[in-house]
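# Close look at the chain arrangement
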Amino acid sequence: MNRRSFCKNSILTLAGISLPLPALARYSGVYEPVRELSFYNIHTHEEAQRVIYWSQGVYLSDGLAEIDHLLRDHRSNELTEIDHNLLDTLFLLSRKLECQEPLHIISGYRSPSTNAQLRKSSNGVAKRSLHMEGRAVDIRMPGCNLRHLQQTALDLRRGGVGFYPESDFVHLDTGRFRAWHG
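Residues numbered from 1 in each chain as written. Predicted model: local features only at pLDDT ≥ 70, side-chain atom pairs only at ≥ 80, totals over all residues. Heavy atoms only, no water.

## Examining the overall build of the protein chain
When helices and strands are counted, the protein chain shows six helices and eight strands. Beginning at the N terminus, the succession of helices and strands in the protein chain can be written as α-α-β-β-β-α-α-β-α-β-α-β-β-β. The burial tally for the protein chain puts 45% of its 182 residues in the buried class. Residue pairs in contact within the protein chain that sit at least 24 positions apart in sequence constitute 54% of those at least 6 positions apart. (Helix = DSSP H or I, 4+ residues; strand = E, 2+ residues; numbered from the N terminus. Buried < 20%, exposed > 50% of the residue type's maximum accessible area, 1.4 Å probe, protein only. Contact = heavy atoms within 4.5 Å.)

## Here we look at the confidence of the model for the protein chain
On average, the protein chain scores 86 in pLDDT, and the residues at 70 or more come to 83%. By mean pLDDT, helix α2 (residues 21-28) is the weakest element of the protein chain at 40, and helix α3 (residues 61-70) is the strongest at 98. Segment residues 2-28 is flagged for pLDDT under 50; beyond a separation of four residues in sequence, or across chains, it makes 15 contacts in the model. (pLDDT = per-residue confidence, 0-100.)

## Comments concerning the environment of H181
Tracing the backbone through its elements, the reader meets H181 in strand β8 (residues 178-181). Taking relative accessible area as the criterion, H181 reaches 55% and is therefore assigned exposed. Look past the residues within four positions of H181 in its chain and what remains in contact with it is R147, Q150 and F163.

## Considering the packing of helix α4 (residues 84-97) against helix α6 (residues 146-156)
The geometry of α4 relative to α6 is characterised by a closest axis approach of 10 Å and an angle of 120 degrees between their N-to-C directions. Looking at the two axes, α4 sits oblique to α6. In the packing of α4 onto α6, the handedness of the crossing is right-handed. Taking contact as the criterion, the partners of T89, L92, L93, K96 and L97 in α4 are, on α6, H148, L149, T152, A153 and L156. Its residues assigned to classes, the contact of α4 with α6 comprises six nonpolar, three polar and one charged. (Axes fitted to C-alpha atoms, helices over the stretch in contact; angles between N-to-C directions. Parallel < 35°, antiparallel > 145°, perpendicular 65-115°, else oblique. Left-handed = near helix turned anticlockwise from the far one by under 90°. Nonpolar A, V, L, I, M, F, W, Y, C, P; charged D, E, K, R; others polar.)

## Some words on the pairing of strand β6 (residues 160-164)
Counting buried residues along β6, five of its five residues qualify, which places the element largely inside the surrounding structure. Residues of β6 alternate between two faces, with G160, G162 and Y164 on one and V161 and F163 on the opposite face, all of them buried. Note: β6 against β8, four bridges, orientation parallel. Looking at the pairing, V161 lines up with A179 of β8. (Pairing = 2+ DSSP bridges.)

## As for the side chain of S111
Following the sequence through the fold, S111 ends up in the loop between β4 (103-107) and α5 (112-121). At a separation of 3.1 Å, a polar atom in the side chain of S111 contacts the side chain of T114. Filtering out sequence-adjacent residues up to four positions away, S111 remains in contact with D73, S76, E78 and M132. (Polar contact = N/O pair within 3.5 Å; in protein donor to acceptor, adjacent residues only side chain to side chain.)

## Considerations on the sheet that holds strand β3 (residues 58-59)
Spatially, the eight strands line up as an open sheet ordered β3-β2-β1-β4-β5-β7-β6-β8, and their pairing is mixed. Each of the sheet's edge strands pairs with one partner strand only, and the pair in question is β3 and β8. Across the sheet, α3 is in contact with β1 (34-41), β2 (47-55) and β3; its angle to β2 comes to roughly 140 degrees. In the packing of α4 onto the sheet, the strands contacted are β1, β2, β3, β4, β5 (136-140) and β7 (169-173), and the crossing angle to β1 comes to about 90 degrees.

Here it is as structure tokens:
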């Protein structure tokens, strides 16, 4: 941003005049006229290429529904609305990593019954997991070193980042910023 734009926006902000959504989004680092994501679900083998979920300041119901379906609980076939902030985090992460391949989904939404079942068989599953609210996803990116993926996610500072090298995935969520190794 040049000095003139900075001064103009500072004056508008101080005067209490709000900028339009695209201008605000541009300064937060999230703006592009279209936001799209590509996914591959490793359990169902379903793939979604270049799903447009946001355009010109509006979240698009068709794209969101496609993503909700792909990130559903594959064990119970239940789905929920995936948090838009989580999708924006995945979008930013993909852009920063210049990822051309679909994000590999290890776990998206989990129903409470699935979460309880997984807790019984694993000690790494949280009782109040954000997966149950559609606010968490476990991913890997083909061609991207897992440590690099984790570090780039941490640099975004947009929620929780769990690093699971033994299981070959990174956990992302829209809770408060924190980091851990599993």
